[in-house]
Amino acid sequence: MELYKPRTESLELRKMRLLNKRMALTPEEKKAYLYVQKGYEGEVLFDRLTEKLQCDVYVLNDLLLKHNNSLFQIDTLLIYQKSIMPIEIKNQDGDCCYYPDKETFTMILTDKDMKNPLDQLKRSKQLLHSLLKSLGVQLPLEGYVVFVNPHFTLYQAPLNKPIIYPNQLDRFMDQLNKIPSTLGNQHKKVAAELAARHIKETPFTSLPQYSFGAMKKGSCCVKCDSYMVTVVEDELVCHVCGEHESIEAAVVRNVEEIRLLFPEMRITTNLVYEWCGVFPSKKMIRRILLKQYKAIGYGRWFYFE
Ligand SMILES: [Zn+2]
């Protein structure tokens, strides 16, 4: 296999994780955050399996594409010599029941329907098909929904649907590995074209409203996220897990937090001092900012980039 596009954590997930540390999320917001986090973990779990493929295949992880003004997402895309495989990954756990008359996936404990993954797959397949056609690519599409969580059970599982269950994963990977395939220049072109079309920032987001003023100030432990840290000489020391981190690394980490959540704000010594809370002197922060960032302007318009 050749990993043509790696998976990275979305901006949304990184922001949500920070907001969870620095403000009180409502139960709904917290749920949305954990849902995104869990989905990502499931995808990473599947990546560990595709990494082991020995056959000639291009792997593109996490594609967000637009075609005919419609956005669609593909968790994993495999490009073989004679077929292209979009895969929808689900990290759902618990007991679920499929009702063939309504075509719903209903969680037994809560009696709530999960988003129908077959519909999601169908939609992304249609849009991908149309996009590939417009690029002159003729390869047939073969899509799958893959449930990766070992604690997931589907009752009344439908036959003849392209679904892979956790206990079938090994066999599925084995099958993928045995698909005869020799990739050529054409395939490389398709992979490059799709990777180039990937949209980095997701427009649909479930981020809560937030502002600098309302954020909890302070510096968290790099390891356990606790705010129970103090500065001891040139280190930040955690009183919960005992982790030591250099002050320089801690300041940079905090600056990156501000930049992620408030990209429009100018990084100044005062701002970082307020955000971090824990550092005894502004001088110390200023020294690190001067070393790590580019200083711009002068006097009261002095800031860092
Ligand atoms: Zn800690």
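About the criteria used
Residues numbered from 1 in each chain as written. Predicted model: local features only at pLDDT ≥ 70, side-chain atom pairs only at ≥ 80, totals over all residues. Heavy atoms only, no water. Domains from an automatic or database assignment. Contact = heavy atoms within 4.5 Å. Buried area = accessible area lost by both parts, 1.4 Å probe. Salt bridge = Lys/Arg side-chain N within 4 Å of Asp/Glu carboxyl O. Polar contact = N/O pair within 3.5 Å; in protein donor to acceptor, adjacent residues only side chain to side chain. Pairing = 2+ DSSP bridges. Helix = DSSP H or I, 4+ residues; strand = E, 2+ residues; numbered from the N terminus. Axes fitted to C-alpha atoms, helices over the stretch in contact; angles between N-to-C directions. Donors = N, O, S within 2.8 Å, 3.2 Å for Na, K, Ca; no water. Tetrahedral: all angles 85-135°; square planar, octahedral: opposite > 155°, others 65-115°. Parallel < 35°, antiparallel > 145°, perpendicular 65-115°, else oblique. Left-handed = near helix turned anticlockwise from the far one by under 90°.

(A) Representation of the domain arrangement of the protein chain within the structure. The domains assigned to the protein chain are domain 1 (2-197) and domain 2 (229-304). For domain 1 and domain 2, the distance between their C-alpha centroids amounts to 39 Å. Contacts between the two partners involve 7 residues from domain 1 and, on the opposite side, 5 residues from domain 2. When domain 1 packs against domain 2, close to 620 Å² is buried across both sides, 68% of that on carbon and sulfur atoms. Applying the counting criterion to the domain 1 and domain 2 interface returns 2 salt bridges. One salt bridge in this structure joins Glu257 and Arg22, with 2.9 Å as the shortest N-O distance. Summed over the shared surface of domain 1 and domain 2, the result is 3 residue pairs in polar contact (both at pLDDT 80 or more).

(B) Quick peek at the sheet that holds strand 8 (residues 144-147). With mixed pairing, the 6 strands of this open sheet are ordered in space as 1-2-3-4-8-10. Looking at which strands have only one partner, the edges of the open sheet turn out to be strand 1 (2-5) and strand 10 (163-164). Alignment of strand 8 against strand 10, held across 2 bridges, turns out to be parallel. Bridging across to strand 10, Val146 finds its partner in Ile164. Those strands touched by helix 3 (residues 117-134) are strand 2 (58-67), strand 3 (70-79), strand 4 (84-90), strand 8 and strand 10, and its axis lies near 85° from that of strand 3. Against the sheet, helix 4 (residues 169-177) touches strand 3, strand 4, strand 8 and strand 10, its axis set at about 140° to strand 8.

(C) A look at the sheet that holds strand 7 (residues 113-114). Ordered by their spatial adjacency, 4 strands build an open sheet running 7-6-5-9, and the pairing between neighbours is mixed. Single-partner strands in this sheet number two, and they are strand 7 and strand 9 (152-155). With 4 bridges connecting them, strand 5 (residues 94-99) and strand 6 (residues 104-107) associate as antiparallel partners. Bridge pairing links Cys97 to Thr106 in strand 6.

(D) Quick peek at the coordination of the zinc ion. Protein coordination of the zinc ion is provided by Cys221 (SG), Cys224 (SG), Cys238 (SG) and Cys241 (SG), with donor distances spanning 2.3 Å. Taken together, the 4 donor atoms surrounding the zinc ion define angles of 104 to 115° at the centre, an arrangement classified as tetrahedral. As a motif over one chain, the donors of the zinc ion read C-x2-C-x13-C-x2-C.

(E) Layout of the packing of helix 6 (residues 247-261) against helix 8 (residues 282-292). Between helix 6 and helix 8, whose axes approach to 10 Å, the crossing angle comes to 75°. Classified by the angle their axes make, helix 6 and helix 8 are roughly perpendicular. Note on element contacts: helix 8 touches helix 6 through Met284, Ile288, Leu289, Lys291 and Gln292, opposite Ile247, Glu248, Val251, Val252 and Val255.

(F) Region of the structure containing the packing of helix 1 (residues 11-22) against helix 6. Interhelical geometry of helix 1 versus helix 6 gives an angle of 115° and a closest axis separation of 10 Å. Here helix 6 runs roughly perpendicular to helix 1, going by the angle between their axes. When you trace helix 1 past helix 6, the crossing you get is left-handed. Counting all contacts with helix 1, which are made through Leu11, Arg14, Lys15, Leu18, Leu19, Lys21 and Arg22, the residues of helix 6 involved are Asn254, Glu257, Leu260 and Leu261.

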